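Structural characterization, general
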Amino acid sequence: MKNLQFFGMGALCALVLSCSGNQSGGDPGQGGGNFLTGTFVAPDGQTPIAGATVWIPGSGPSPVLSSLSSDCESPPESYRVFACTGPDGTFRLNIQGISGAVTLKLKKGAFMQTLNIDLNSGGSDLGQITLGQDPSTGAPKMAVVTGNYDRMQDVLAKLGFGEIDSFGNLRLGTERFDLYDGNSSLDPSYPDFDTIFNDGDGDSKPDINNYDIVFINCGTNYEFLLSDSSKVQILREYVQNGGRLYVTDLSYDFVEQVFPEFIDFYLSDSTPEADPETMNEAQQGSGSITTEADIKDNMMKEWLKIVSCVDTMDNPVDCVNPSTGKVDIEGFLPGWAVMNGSHPSKASEVKIWVEGPVEFGYPIDSGIKPLTASFPFGSGKVLFTSYHTEAANITGLLPQERILQYLVFF
Ligand SMILES: [Ca+2]
Ligand SMILES: [Ca+2]
Ligand SMILES: [Ca+2]
Ligand SMILES: [Ca+2]
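The sections below set out a description of the structure shown in this document. (Residues numbered from 1 in each chain as written. Chains lettered and ligands numbered in written order. Predicted model: local features only at pLDDT ≥ 70, side-chain atom pairs only at ≥ 80, totals over all residues.)

**Considerations on helix H5 (residues 298-306)**
For H5, the full list of buried residues reads Met300, Lys301, Trp303 and Leu304. Within H5, the buried residues cover an arc of 160° as seen down the axis, which keeps them to one side. (Buried ≥ 20, exposed ≤ 12 C-beta atoms within 10 Å, placed from the backbone. Helix = DSSP H or I, 4+ residues; strand = E, 2+ residues; numbered from the N terminus. Arc of directions from axis to C-beta.)

**Remarks on helix H2 (residues 152-161)**
Of all ten residues making up H2, ten are buried, and the element is well covered by its neighbours. The elements touched by buried residues of H2 are strand S9 (142-145), strand S10 (178-180), strand S11 (213-216), strand S12 (244-248) and helix H6 (399-408). (Contact = placed C-beta atoms within 7 Å.)

**Some remarks on the pairing of S11**
Residues Ile213 and Phe215 of S11 are buried on one face, and the alternating residues Val214 and Ile216, pointing to the opposite face, are buried as well. When S9 meets S11, the two strands line up parallel, connected through four bridges. Each bridged residue has a counterpart across the sheet, and for Val144 the counterpart in S11 is Phe215. The sheet contact formed by S11 and S12 spans four bridges and is parallel. Counted as the bridge partner of Ile213 is Arg244 from S12. A crossover connection joins S11 to the parallel S12 through helix H3 (residues 229-240); in handedness this β-α-β unit is right-handed. (Pairing = 2+ DSSP bridges. Right-handed = clockwise from strand over helix to strand, strands pointing away.)

**A short note on the sheet that holds strand S20 (residues 365-377)**
One open sheet holds the nine strands; their spatial order is S10-S9-S11-S12-S21-S20-S19-S14-S17, and the pairing between them is mixed. Two strands lie at the open edges of the sheet, namely S10 and strand S17 (327-329), each paired on one side alone. Across the sheet, the mean angle from the axis of one strand to that of its neighbour is 20°, orientation sign disregarded. Each of S12, S20 and strand S21 (380-385) is contacted by H3, which is oriented at about 115° to S21, the strand it contacts most. (Axes fitted to C-alpha atoms, helices over the stretch in contact; angles between N-to-C directions.)

Read these as spatial facts, not as claims about activity.
And the structure:
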């Protein structure tokens, strides 16, 4: 976890605080009184970070929860006060009795931002607080493995972790994360995916352990690695020790072969719960379908109502259909990987974020299936999604790209 101190930002905040007292004639709940307010956004300067924990560390008379919402984790250390950001990224911290130089920390998932501020007036609005885009400024260290059928690197770039070209693709070389070549698509200056299992930097641990989050895009050439039990063990230990593994669609084998006990994928019905199902057997979804999906997480749904989305022609649309409350998801590959749900004994641990009516199998069957699921393992987390981001060359964000953006911070 990164924990950087921004003295430059602190000076700016002090300046904002010192002049804000003259401007608080409006809504006292937003700026005046004894509240510290602000809005936490991604490095793109726009996308709100919902459900983040905001706190002032230390010990005082008694810690205070002053929250817009209780939908966030408690601070990972002792604190004087804490709050959660709402779906729009705003927070409101009760700073009654706190003054002088303090540290303010904002954390969501593997991301953390630290500011030094001077509470020299009763309360104030810090305005927009933008998450740093580099590991040296609060971002997690991320690796993205390229694949033939998905481009999570573009979703990250659109969050501000890189620049995009006029087709909405990451401009190679601008990424603030490490790219690994999973499909012979990058020039030789980029390492191949399998090298992440080696100890290239000589710290006696496989280099995957250098990362807070590893994304494996759909369609790599490296599923053969999963028949090597030492590689499976490296992946399992990486998550056990706090790593996050985000996997899309056909790469589901990087979930099922490594963590078989959590998700029941489609078919391989005679495989015992704790054993890996037959590789690739769940890849039986019908292609080119669109589903009207239900968002099962309330904070995600509220966030989706706030952010902007486009359709595949790059025209603005509501991310959540205002009349149905559902989200259109398209871009399913023929033979996408289908989940049935959690294995019964893991029902309390597997979280379903998105589900929808879909078609799958031969002959074609239909039903409601989970489309995005996650589970904790050790100190880390695993996320799997059945759908894609690479459907169209657009500079805006499809609803499913927004969903994946949200989950980058889960
Ligand atoms: Ca190493
Ligand atoms: Ca596969
Ligand atoms: Ca399984
Ligand atoms: Ca199964």
